[in-house]
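So you can see what is in the structure, the chains are spelled out below.
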Amino acid sequence: MSLSTQIDQDIKQAMLAKDADKLRGLRAIKSALLLAKTEKGAAEEVSEEAEIKVLQKLIKQRKESADIYKAQNREDLYEIEAAEMVVIEAYLPKQMDRAELEAYLKEMIARVGATSVKDMGKVMGTANKELAGKADGKTISEVIKQILA
């Protein structure tokens, strides 16, 4: 079952359950997926990798907004963003925790042959391809810098 079909079914269930937070998050996902579909051309279906990237982008937007709202003491708006993040994260593959990520990246750095921070670009390119959807780019970058430093 495609993500779009799953989202449509979950929107119906959220409407029936009158779950406003979940409904808001699901509608954001549906909107972003429709935009992604129309960007590439009407005949083309959105790939699974593109769907993951769309979801990650939505999560990143929510995190940034939530941080701003938290800094400005706007708890009401912060809670809305946090609730949407939880809904969106449910549709992403399981994220690696920091220990798993460090172990994987150490092995990958040895495989690529990186020895210093100068090799960061080569490592990041490989890591972003292999870890798509399993970890965000910012965390990957931080861990690679820590390992190579």
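Heads up: the structure comes first, above all this text.
Residues numbered from 1 in each chain as written. Predicted model: local features only at pLDDT ≥ 70, side-chain atom pairs only at ≥ 80, totals over all residues. Heavy atoms only, no water.

**Concerning the pattern of salt bridges**
Next, step 1: According to the stated counting rule, one finds 11 salt bridges in the structure shown.
Next, step 2: Among the salt bridges present, the one from E100 reaches K94, with a minimum N-O distance of 4.0 Å.
Next, step 3: Residue classification places K94 among the exposed residues on the basis of a relative accessible area of 66%. (Salt bridge = Lys/Arg side-chain N within 4 Å of Asp/Glu carboxyl O. Buried < 20%, exposed > 50% of the residue type's maximum accessible area, 1.4 Å probe, protein only.)

**A look at the side chain of E84**
Next, step 1: With respect to the helices and strands, the residue E84 is situated in helix α4 (residues 75-89).
Next, step 2: Owing to a relative accessible area of 8%, E84 belongs among the buried residues under this scheme.
Next, step 3: One polar contact links E84 to R62, side chain to side chain, over a distance of 2.6 Å.
Next, step 4: Once residues within four sequence positions are removed from consideration, E84 is found in contact with R24, G25 and R62. (Helix = DSSP H or I, 4+ residues; strand = E, 2+ residues; numbered from the N terminus. Polar contact = N/O pair within 3.5 Å; in protein donor to acceptor, adjacent residues only side chain to side chain. Contact = heavy atoms within 4.5 Å.)

**Things to note about the nonpolar core**
Next, step 1: Judged by nonpolar contacts, the single largest core of 23 residues is most densely connected at I7, L26, I29, L55, L58 and Y91.
Next, step 2: Put simply, the parts of the chain that give this core at least two residues each are α1 (3-17), α2 (20-40), α3 (48-71) and α4.
Next, step 3: With 7 residues, the top contributor of residues to this core is α3.
Next, step 4: Ignoring anything within four residues of it in the chain, the contact list for I7 reads L26, I29, K30 and Y91.
Next, step 5: Counting residues in each nonpolar core, the second largest holds 15 residues, with L105, A114, V123 and V143 among its members. (Core = buried A, V, L, I, M, F, W, Y, C linked by side-chain atoms within 4.5 Å.)

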